[in-house]
Amino acid sequence: MAIGRSVAVGIDIGTSGVKVIVSEGDPRNERAFPRVLGTGYSESKGLRHGYITNLEETVKSIRAAVSQAEKSSGVPIRKAYVAIGGVGVSAIVSNGAISTTKADSEITELDIKRAWDESEKELPQAFILNRKIIHTVPLEYRIDGKKVLGRPQGMKGVRLEAKVLYITCLGHHLNDILLAFEEADIEVEDVVASPMAASLVTLNKTQKIAGCILANIGSETTSIIVYENNIPVSMEIFPFGSNDVTNDIALGLKIPIDEAEQVKVGTGKMEGLSKRKLEEIIIARLSDIFDLIEDHLRRIDRSGLLPAGIILTGGGSGLSVVEELAKLTLKLPAKRHVIKFEGNTKSITRDYEWAVAYGLTMLGLSTEQDSGGKLGFKFAKKAKNSIWGWIKQFLP
């Protein structure tokens, strides 16, 4: 969203909390991160694993966080960019091929769009049933069987093939999110998959080109997105997060849930509790999460093959053993990302929990400054009209 020329609002509805960031961009410096004008936070209610179970409670949570952000920033919030995550979000790769139309075999924009349409038609019915496409990412083009470096438009050939990544969401989950914001009197400018939004502020171009994986360990889910050659090549969300660590601690140490949470983050008292057993419990559950990530990397033939390693964010990334465990399990470089916010950040105590909301404001500001969609995320609502805005991001 943009309120005025260079202000944007990002709202991340997580299972643990609703986070709102209001940011201001500097049109004279496109490379600079936005300056935070204000933030809002409220405990999430009516959600489970990222999807809405109680609409009324969710609307109250949104309103509370937005109200706080309005007071903090001094900006009235009427529109926003919104993240969607949870177990209803998934991704799949599909291929489409067409014969070129011009007599001289020159490939046109129309040919590329037709190849995209064919790849969409090839999506398995069992996968696409009840789902809506929220992002479409071109991964690779081939002309007459040969891989194209760069954009195919203007080249010549008889047959054009497109390999495309589709990021989808269960239709009723997306509709529930949109309805919740409608009830909260917030117009949704666009909906963005959470891993995409987080990647805008946690990954740099060097990492994306070399090959890396971003893992956002949330309360009830862990989302991953894999980049290579500056393109997102895969995405997945697992139904496990830091709350599972808390539950295991509560069971293993025989303590209440609230105490287990405090012990997990290092603020609780350890009197009469075994530090060794606590560490074993945390390592066991995190190992399960990293095993799932490793299985995914094997399936897409990227196991041990991402030079820029794994970058960790989200609330669960604050656990002390997470970096070393990720490194050992995945056999990749691992580091926790630190976001350097500027501006009114007094309420941001743990930066890694705000990556998604902050990334949404970057998107909003970029889209406002370039109506063509410099970052190319205008897909949830305006997919066909912004096709080239998305493609531009991935061309040399």
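So, here is what we can say about the structure in this document. Everything quoted here is computed from the prediction, not taken from an experiment.

1. Some details on the side chain of Thr202
Argument step 1. Take Thr202: it is sitting in helix H5 (residues 194–202).
Argument step 2. Judged by its relative accessible area of 3%, Thr202 falls in the buried class.
Argument step 3. A polar contact is formed between the side chain of Thr202 and the backbone oxygen of Ala198, at a distance of 2.7 Å.
Argument step 4. The residues contacting Thr202, other than those within four sequence positions of it, are Gln207, Leu214, Ile311, Thr313, His337 and Ala355.

2. Observations regarding the packing of aromatic side chains
Argument step 1. By the definition in use, this model includes two aromatic pairs.
Argument step 2. Ring geometry for Phe33 versus Tyr358: centroids 6.0 Å apart, planes at 70°, classification edge-to-face. Residue Phe33 is located in the loop between strand E2 (17–24) and strand E3 (35–43), and its partner Tyr358 is located in helix H11 (residues 355–369); the two are separated by 325 residues in the primary sequence.
Argument step 3. A relative accessible area of 0% places Tyr358 in the buried class.

3. Thoughts on the nonpolar core
Argument step 1. Ranked by size, the top nonpolar core spans 101 residues in total, and within it Leu286, Phe290 and Ile293 carry the most contacts.
Argument step 2. Among the elements that take part in this core, helix H9 (residues 275–299) stands out by supplying eight residues, more than any other.
Argument step 3. When residues no more than four places from it in sequence are discounted, the contact partners of Leu286 are Val245, Leu319, Val321, Val322 and Leu325.
Argument step 4. In terms of nonpolar packing, the next biggest core, distinct from the first, is built from 16 residues, Ile107, Ala115, Val148 and Ala162 among them.

4. What to know about the packing of H9 against helix H10 (residues 322–330)
Relative orientation and spacing of two packed helices are given, respectively, by the angle between their axes and the distance between those axes.
Argument step 1. Put simply, H9 and H10 touch, their axes get as near as 10 Å, and they point 45° apart. Between H9 and H10, the crossing angle belongs to the class labelled oblique. H9 and H10 meet at a crossing whose hand is right-handed. Taking contact as the criterion, the partners of Ile283, Leu286, Ser287, Phe290, Asp291, Ile293 and Glu294 in H9 are, on H10, Val322, Leu325, Ala326, Thr329 and Leu330.
Argument step 2. Taken together, the residues of the contact of H9 with H10 sort by class into eight nonpolar, two polar and two charged.

5. Details of the sheet that holds strand E1 (residues 7–13)
Argument step 1. Strands sit in the order E11-E6-E1-E2-E3-E17 across an open sheet of six strands; the sheet is mixed. Lying at the two open borders of the sheet, with one neighbouring strand each, are strand E11 (187–193) and strand E17 (342–343).
Argument step 2. In the sheet, strand E6 (residues 79–84) pairs with E11 via six bridges, with the strands oriented parallel. Paired with Lys79 across the bridge in E11 is Glu187.
Argument step 3. In the packing of helix H1 (residues 55–73) onto the sheet, contacts are made with E1, E2 and E3, and the angle to E3 comes to roughly 150°.

6. Focus on the environment of Glu24
Argument step 1. As for its placement among the helices and strands, Glu24 is situated in strand E2.
Argument step 2. Each C-alpha atom of the pair Glu24 and Ser6 lies 5.6 Å from the other, and the pair is 18 residues apart in sequence.
Argument step 3. With residues near it in sequence (within four places) discarded, Glu24 still touches Ser6, Val7, Pro34, Arg35, Leu37 and Leu365.

7. Some points on the pattern of salt bridges
Argument step 1. One pass over the structure, following the stated rule, counts 20 salt bridges.
Argument step 2. Arg276 is paired through a salt bridge with Glu280; the nearest N and O atoms lie 3.5 Å apart. Linking Arg276 with Glu280, this pair stays in helix H9, spanning four residues, or about one helical turn.
Argument step 3. Note on Arg276: relative accessible area 66%, which makes it exposed.
Argument step 4. Glu280 gets classed as partly exposed once you look at its relative accessible area, which sits at 45%.
Argument step 5. Residue Glu324 is joined to Lys327 by a salt bridge in which the shortest nitrogen-to-oxygen separation is 4.0 Å. Taken together, the residues Glu324 and Lys327, both in helix H10 and three residues apart, mark about one turn of the helix.
Argument step 6. Here Lys327 falls in the partly exposed class, since its relative accessible area comes to 38%.
Argument step 7. A single network of salt bridges, built from pairs that share partners, joins Glu140, Arg142 and Lys147.

Conventions we followed
- Residues numbered from 1 in each chain as written.
- Predicted model: local features only at pLDDT ≥ 70, side-chain atom pairs only at ≥ 80, totals over all residues.
- Heavy atoms only, no water.
- Helix = DSSP H or I, 4+ residues; strand = E, 2+ residues; numbered from the N terminus.
- Buried < 20%, exposed > 50% of the residue type's maximum accessible area, 1.4 Å probe, protein only.
- Polar contact = N/O pair within 3.5 Å; in protein donor to acceptor, adjacent residues only side chain to side chain.
- Contact = heavy atoms within 4.5 Å.
- Phe/Tyr/Trp six-rings, centres within 6.5 Å; stacked < 30°, edge-to-face > 60°.
- Core = buried A, V, L, I, M, F, W, Y, C linked by side-chain atoms within 4.5 Å.
- Axes fitted to C-alpha atoms, helices over the stretch in contact; angles between N-to-C directions.
- Parallel < 35°, antiparallel > 145°, perpendicular 65-115°, else oblique.
- Left-handed = near helix turned anticlockwise from the far one by under 90°.
- Nonpolar A, V, L, I, M, F, W, Y, C, P; charged D, E, K, R; others polar.
- Pairing = 2+ DSSP bridges.
- Salt bridge = Lys/Arg side-chain N within 4 Å of Asp/Glu carboxyl O.

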